[in-house]
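Letter by letter, the chains look like this.
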Amino acid sequence: MTNDEIRSFIENAIKENKVMLFMKGVPHQPACGFSARTAGALNALGVQYAALDILPDPRIREELSGLSGWPTIPQLFVDGELVGGSDIVMEMFESGELAELLGAEPPAEPFEPEPQPEPVQRPIGLENRLD
Amino acid sequence: MPQASELEQRIATALPGARVNVEDLTGGGDHFRAEIVSDRFEGLSRIEQHRLVYDVFGDDIGGAIHALSIKTSTPGATA
């Protein structure tokens, strides 16, 4: 795909999907804590959304950020408009604005954001040391 | 590797009069959280408020600064 093709793919995805999430990884297997929280908020509201994993090609993110003027991932679009990244989406989730925007019922059970994975810290060590 | 204090200073310079607090979330100099109270945010949408902050760092976002979590508010609306 050329850069132009990637850009028009992204433009169409935003235009054709009422709720469109660009993320690292996929909704059932997010590859980043920020994407996980954002997808989790949408899941908690039970809304249908399309998602696109930006990781397979670095140009997806370049073209997306060029288009939206937003430097980070995830990015949530509703009705063709950028709503925000994970901080804004989580603030709006907690205040009920997100449910209102999406015409969803606020969840009965409070949604616990997924904890950020702890960085794995292991002592320096060799595996399979050769004698 | 950027320091939290350096980020604080850059935001404070770009948004004079703002109250800025930046935390290094991992201690590794790549995941930061910034809380900013500024009257410059008055009348702006959240998107516009966050953009003002992102603009301070330009290409460093996603580069040297891997992740910057932002919380913005105006002096009148501080929780």
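You'll find the structure just up there.
Residues numbered from 1 in each chain as written. Chains lettered and ligands numbered in written order. Predicted model: local features only at pLDDT ≥ 70, side-chain atom pairs only at ≥ 80, totals over all residues. Heavy atoms only, no water.

Draft legend 1. Representation of the pairing of strand β5 (residues 75-78) of chain A. All names here are of chain A. The side-chain alternation of β5 yields two buried faces, one formed by Q75 and F77 and the other by L76 and V78. In this sheet, β5 lies alongside strand β1 (residues 19-23) in antiparallel orientation, the contact comprising four bridges. Bridging from a neighbouring strand, V19 pairs with V78 of β5. When β5 meets strand β6 (residues 81-84), the two strands line up antiparallel, connected through three bridges. Across the sheet, V78 pairs through a bridge with E81, a residue of β6. Once β5 ends, the chain turns through two residues before running back antiparallel as β6, passing D79 with a positive phi of about 50 degrees. (Buried < 20%, exposed > 50% of the residue type's maximum accessible area, 1.4 Å probe, protein only. Helix = DSSP H or I, 4+ residues; strand = E, 2+ residues; numbered from the N terminus. Pairing = 2+ DSSP bridges.)

Draft legend 2. Structural detail: the side chain of B:T74. Residue and element names in this part refer to chain B. The topology assignment puts T74 in the segment after β3 (67-73). Assessed through its relative accessible area of 11%, T74 is described here as buried. Those residues in contact with T74 that sit more than four places away from it in its chain are V37, S38, F41 and E42. (Contact = heavy atoms within 4.5 Å.)

Draft legend 3. Representation of the interface of chain B and chain A. Taken together, the 15 residues of chain B in the interface contact 16 residues of chain A. Between chain B and chain A, a total of about 1300 Å² is buried, with carbon and sulfur atoms accounting for 56% of that surface. Contact with chain A buries area across many residues of chain B, yet B:R46, B:I47 and B:Y54 alone supply 43% of it, more than any other trio. Taken together, chain B and chain A are joined by three salt bridges. In this structure, B:R46 engages A:E91 in a salt bridge whose closest nitrogen and oxygen atoms are separated by 2.8 Å. (Buried area = accessible area lost by both parts, 1.4 Å probe. Salt bridge = Lys/Arg side-chain N within 4 Å of Asp/Glu carboxyl O.)

Draft legend 4. Main features of the sheet that holds β3(B). Residues and elements named next belong to chain B. If you walk across this open sheet you meet the three strands as β1-β2-β3, and the pairing is mixed. Pairing within the sheet leaves two strands with one partner each, and these edge strands are β1 (19-24) and β3. When strand polarity is set aside, the average angle formed by the axes of neighbouring strands in this sheet is 15 degrees. Across seven bridges, strand β2 (residues 31-37) lies against β3 in parallel orientation. Paired with R33 across the strands is S69, a residue of β3. Helix α1 (residues 4-14) rests against β1, β2 and β3 of the sheet, and its axis sits at about 155 degrees to β1. This element, helix α2 (residues 46-57), spans β2 and β3 of the sheet and lies at about 135 degrees to β3. (Axes fitted to C-alpha atoms, helices over the stretch in contact; angles between N-to-C directions.)

Draft legend 5. Here's a closer look at the sheet that holds β6(A). Residues and elements named next belong to chain A. Pairing is mixed in the open sheet, where four strands are placed in the order β4-β1-β5-β6. Taken across any chain shown, the strands that pair with only one partner, and hence form the sheet edges, are β4 (50-53) and β6. The average undirected angle you get between the axes of adjacent strands in this sheet is 25 degrees. As paired strands, β1 and β4 are joined by four bridges and run parallel to one another. Its bridge partner lying in β4, M23 is registered against D53. Docked against the sheet, helix α2 (residues 33-45) engages β1 and β5, running at close to 160 degrees with respect to β1.

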